[in-house]
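Coordinate inspection notes
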Amino acid sequence: MELRIESITARRGGRTILAGLTASVPGGRALIVTGPNGAGKSTLLRMIAGFLPPVSGRVVLHGDEGPLGGSALQPRLAYAGHLDAVKPALGVAQNLMLWAGLSGTGSAEVDRALAAVSLETMASRPAGECSAGQRRRLGLARLLVSKRPVWMMDEPTASLDRASAEAVSALVETHCEGGGIAVIATHLDMGLRDPLSLEIAPFDPDRPAAPGGDGMSPRPGAEDPFLAGHDDAGAFR
Amino acid sequence: MPGPSDDGAPGFETPAKPGVRLQMIAALVAIIRRDLALALRLGGGGAVGLAFFVLAVVLIPFGVGREPETLARIAAGIVWVSALLAALLSLDRLFQADAEDGTLEQLMLADAPLEAVVMAKTAAHWLTTGLPITLVAPLLAVMLNMPGASIPAMMAAMLVGTPALSLTGAVGAALTAGIRRGGLLVSILVLPLYVPTLIFGARTVENATLGLPWAPPLLLTAGISLGAAALAPVAAAYALRITLR
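Residues numbered from 1 in each chain as written. Chains lettered and ligands numbered in written order. Predicted model: local features only at pLDDT ≥ 70, side-chain atom pairs only at ≥ 80, totals over all residues.

Another point: the overall build of chain A. Helices and strands together make up the secondary structure of chain A, namely 5 helices and 10 strands. The buried share among the 237 residues of chain A stands at 51%. Within chain A, counting contacts between residues at least 6 apart in sequence, those at least 24 apart form 70% of the total. (Helix = DSSP H or I, 4+ residues; strand = E, 2+ residues; numbered from the N terminus. Buried ≥ 20, exposed ≤ 12 C-beta atoms within 10 Å, placed from the backbone. Contact = placed C-beta atoms within 7 Å.)

With that out of the way, let us pick up the confidence of the model for chain B. A residue-level look at chain B finds 91% of positions with pLDDT of 70 or above and a mean pLDDT of 88. A low-confidence stretch, residues 1-10 of chain B stays under pLDDT 50, and its non-local contacts, those more than four residues away or across chains, total 21 contacts. (pLDDT = per-residue confidence, 0-100.)

Listed by partner, the interface residues are 31 residues for chain B and 39 residues for chain A. Among the secondary structure elements, those contributing two or more residues to the side of chain B that touches chain A are α1 (17-40) and α5 (103-108) of chain B. Tallying contributions element by element places α1(B) first for the side of chain B that touches chain A, with 7 residues. Class assignment of the residues belonging to the side of chain B that touches chain A gives a composition of 15 nonpolar, 9 polar and 7 charged. (Nonpolar A, V, L, I, M, F, W, Y, C, P; charged D, E, K, R; others polar.)

Residues and elements named next belong to chain A. With 4 of its 5 residues buried, strand β3 (residues 30-34) lies for the most part within the structure. Bridge analysis of β3 against strand β8 (residues 181-185) gives 4 bridges, and the strand direction is parallel. Across the sheet, A30 pairs through a bridge with A182, a residue of β8. (Pairing = 2+ DSSP bridges.)

Turning our attention to the packing of helix α8 (residues 150-175) of chain B against helix α9 (residues 183-190) of chain B. Packed helices, taken two at a time, are described by their axes: the angle between them and the distance between them. Residues and elements named next belong to chain B. One can describe the packing of α8 onto α9 by two numbers: an axis separation of 9 Å at closest approach and a directional angle of 135°. Taken together, the axes of α8 and α9 lie oblique to each other. In this structure, the crossing between α8 and α9 has a hand that is right-handed. Packed against α8, whose contacting residues are T168, G169, G172, A173 and L175, the element α9 presents V186, L189 and V190 at the interface. (Axes fitted to C-alpha atoms, helices over the stretch in contact; angles between N-to-C directions. Parallel < 35°, antiparallel > 145°, perpendicular 65-115°, else oblique. Left-handed = near helix turned anticlockwise from the far one by under 90°.)

By secondary structure assignment, the location of B:L231 is in helix α11 (residues 215-244). Expressed as a C-alpha distance, the spacing of B:L231 and B:E115, which sit 116 residues apart in the sequence, is 9.9 Å.

Residues and elements named next belong to chain A. Taken together, the buried positions of helix α3 (residues 107-116) are occupied by E109, V110, R112, A113, L114 and A116. At its buried positions, α3 is contacted by α2 (92-103), α4 (132-146) and α5 (162-177). Looking one or two residues past α3, S118 carries a phi angle of roughly 55°, positive in sign.

Attention now moves to the pairing of β8(A). Residues and elements named next belong to chain A. Counting buried positions along β8 yields 5 of 5 residues, so the element is predominantly enclosed. Residue alternation in β8 divides its side chains into two sets, I181, V183 and A185 and A182 and I184, and both sets are buried. Strand direction decides the pairing type here: strand β7 (residues 150-154) and β8, joined by 5 bridges, are parallel. Paired with V150 across the strands is I181, a residue of β8.

With that out of the way, let us pick up the packing of helix α3 (residues 68-89) of chain B against helix α10 (residues 195-210) of chain B. Residue and element names in this part refer to chain B. Orientation of α3 relative to α10, taken along the N-to-C sense of each, is 150°, at an axis distance of 9 Å. The orientation of α3 relative to α10 falls into the category roughly antiparallel. Note that α3 runs across α10; the crossing there is right-handed. Across the interface between the two elements, A76, G77, W80 and L84 from α3 touch L198, G201, A202, V205 and E206 from α10. Here the residues of the contact of α3 with α10 are counted per class, giving 6 nonpolar, 2 polar and 1 charged.

This is the structure in structure tokens:
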């Protein structure tokens, strides 16, 4: 399994945010996306999720079922954005049950996911009583019940205390050990063991195009073989 | 904190082809159940539409006078106009609440196409507005001195006509999902589109009162609902995709 972001260009409100970004994450690895505010970290995640169609380029998941892109890719993704999709009127476990129902996951799984984010004591309380950090953890528990191979997390550790943040890192590690992929936008060090990294610089229209025609290539955070461009662009679609 | 699973590596679901459809139906049922559960909570708006419908119908005789003949003549119109307004009342939150708290993004990634998700949410809206209104309408019709023979026609027309109110309304709700306080805008967008249902729905009752055949307007009312069922989910899903960009 491999998630490939192939020379993607994003524009929002007429402003170019990402230009010709290429990256690749193999199964079992996490990609940490860093960069200053407004550089386009969230935009990149939203584009992988298919919320924002790219102006050019595409995102493809190569796996057992062949290359999946667009709406075929969406059912393989779990997304945890800035909003936690928590209904305050419903109970904590009830919130999670509803998402589990969407993925056909049973209630045993829900209990396990609640325990994994240390919310088991809150299970029967209304979600409206949750603190910001607890609500965030409930949102992250949704990734566990979704059973999707690709996790996308936008600042997952924001508003979490240190112990909870470490627990989230542990969940990501476990997910990757099981062969999953995680794409995480964050500027906090999550302490993952061996993540790939991608640093996005704010798009500068005056910057000369990189050799090879890409308007902007990611500056590899480390000497990273996975950030090399792929030549087989155009094989699908 | 313990890890997410202690029985080995987590298995990812890669359903085979026949399982995909079952999974999709399960997902849609989960969405309907979720929306019903939310509607029945305090502030969910489940009973508000029904209460509004009853109050609106009851208020009108205070304004137009209590002559039984007058009321009988305008009963069909009162019931239908009140039904339109009651359906509108909870429409603005149909997608807006989900857009605000991030649920919409999650629904985009569900195991079902967004069009089907829209259909499921619209069905839940009808179950909490159109259906209860239809069931209560005969009581109010009797109060308005509607001839007994017209009441079955009225119920039939409301049963097949109110789905169009939820479906057409879903398009307006989707268009305004990203706008704060878009409720009034929904009314302005959607009420003109309710006119055909209003005309043929009220006509069905009137024909029954006058002893004319009421099947033709009833079938036209049903036709509007079927047309809306075909077009509205596509239009609403398109509007929602734009909202999320």
